[in-house]
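Architecture at a glance
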Amino acid sequence: MLSRSSFTSLVVGVFAVYVAHTCWVMYGIVYTRPCPAAAVAGGAAGCVWPYLARRPKLQLSVYTTTRSSIGAESNIDLVLNVEDFDIESKFERTVNVSVPKKTRNNGTLYAYIFLHHAGILPWHDGKQVHIVSPLTTYMVPKPEEINLLTGESATQQIEAEKQTSALDEPVSHWRSRLTLNVMVEDFVFDGSSLPADVHRYMKMVQLGKTVHYLPILFIDQLSNRVKDLMVINRSTTELPLTVSYDKISLGKLRFWIHMQDAVYSLQQFGFSEKDADEVKGIFVDTNLYFLALTFFVAAFHVSGETSVFRN
């Protein structure tokens, strides 16, 4: 039978292994193994090369539509067009978006973001990349303060009760921010060990004897906060949309993909939009280095308290 000190030592050992495993997993997310240097120098076929290394002239186009998939340029609206798109330069622009009648009637509106060669329409460019993001979400609106003054008639009280009960049903809200990222590192991937998280965002083309991956376009869903949501009324015909862009490194891209997947999993388990927003705030409102430091300090603090308890 284990003594109390032996049991405490076992708990401390298991906790240390857990912390070490967590650090190893985080390192595996941030660090990506590149294609071997010898293979890169020899132009081996097993390497996947960045298309951005060719320095193509790119154009960024943002369209809106009520359909979740499009095959041509019909029934879509162009809301933003950046002809001389520089992947190294961050920007933020606010545009007014027309809200279709279907969206005003509790429908959905999608944003299609295309990154393509300058001067060519996206559906005529075989090397374009695109990503889709809903600009609307369903949520119970925040109840407004209703002040029933003394001496109100019965009719006024009934109308106020109807308004309060209507707030219990989810309605369509407008996402007023759209945050875009492009992975800018000229990273040469090892074709035999492509990271699964990044792989689903990659589109590859054969150029001569080598395989290239087109620019990796990413939408930062963690930046979609509840405070930026706006209720869509039936009388609303236009709504503002702030489109912001910034470059992103490969390590942060992989970390952000895992965090977004974690938040999505929480929502699938029944977390509301407001609950998920609190989780988003941990990563968006806190410096990542400070967050990592907090984790290590907390881990050593718990380990120290366990040792004191054992003694």
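Residues numbered from 1 in each chain as written. Predicted model: local features only at pLDDT ≥ 70, side-chain atom pairs only at ≥ 80, totals over all residues. Heavy atoms only, no water.

Looking at an unreviewed UniProt entry, one finds the protein named Lipid scramblase CLPTM1L, with Calonectris borealis as its source organism. A UniProt comment under Sequence similarities (unreviewed entry) is attached to the protein, and it reads "Belongs to the CLPTM1 family." The record in UniProt for the protein states the following under Subcellular location (unreviewed entry): "Membrane". (UniProt positions renumbered as here; feature names shortened; annotations may be inferred.)

**Quick word on the overall build of the protein**
When you go through the protein residue by residue, the secondary structure sums to eight helices and 15 strands. The buried share among the 311 residues of the protein stands at 39%. Restricting the contact set of the protein to residue pairs at least 6 apart, pairs at least 24 apart contribute 79%. For the protein, the accessible area works out to roughly 18,200 Å², and carbon and sulfur atoms hold 57% of it. (Helix = DSSP H or I, 4+ residues; strand = E, 2+ residues; numbered from the N terminus. Buried < 20%, exposed > 50% of the residue type's maximum accessible area, 1.4 Å probe, protein only. Contact = heavy atoms within 4.5 Å. Areas by Shrake-Rupley, 256 points an atom, 1.4 Å probe, with all protein chains shown as cover.)

**What about the pairing of strand β12 (residues 210-213)?**
In this sheet, β12 lies alongside strand β1 (residues 47-50) in parallel orientation, the contact comprising three bridges. When the bridges of β12 are listed, Val-48 appears paired with Val-211. Pairing of strand β11 (residues 204-207) with β12, which is carried by four bridges, proceeds in the antiparallel orientation. For Val-205, the partnering residue across the bridge sits in β12 and is His-212. Counted between consecutive antiparallel strands, the loop separating β11 from β12 contains two residues, among which Gly-208 sits at a positive phi close to 70°. (Pairing = 2+ DSSP bridges.)

**Let's talk about the sheet that holds strand β3 (residues 77-85)**
The strand order β3-β2-β5-β6 describes an open sheet built from four strands, whose pairing is antiparallel. Where the open sheet ends on each side, the last strands, each with one partner, are β3 and β6 (129-134). Neighbour-to-neighbour, the strand axes of the sheet open up by a mean angle of 15°, direction not taken into account. Note: strand β2 (residues 58-65) against strand β5 (residues 110-117), eight bridges, orientation antiparallel. (Axes fitted to C-alpha atoms, helices over the stretch in contact; angles between N-to-C directions.)

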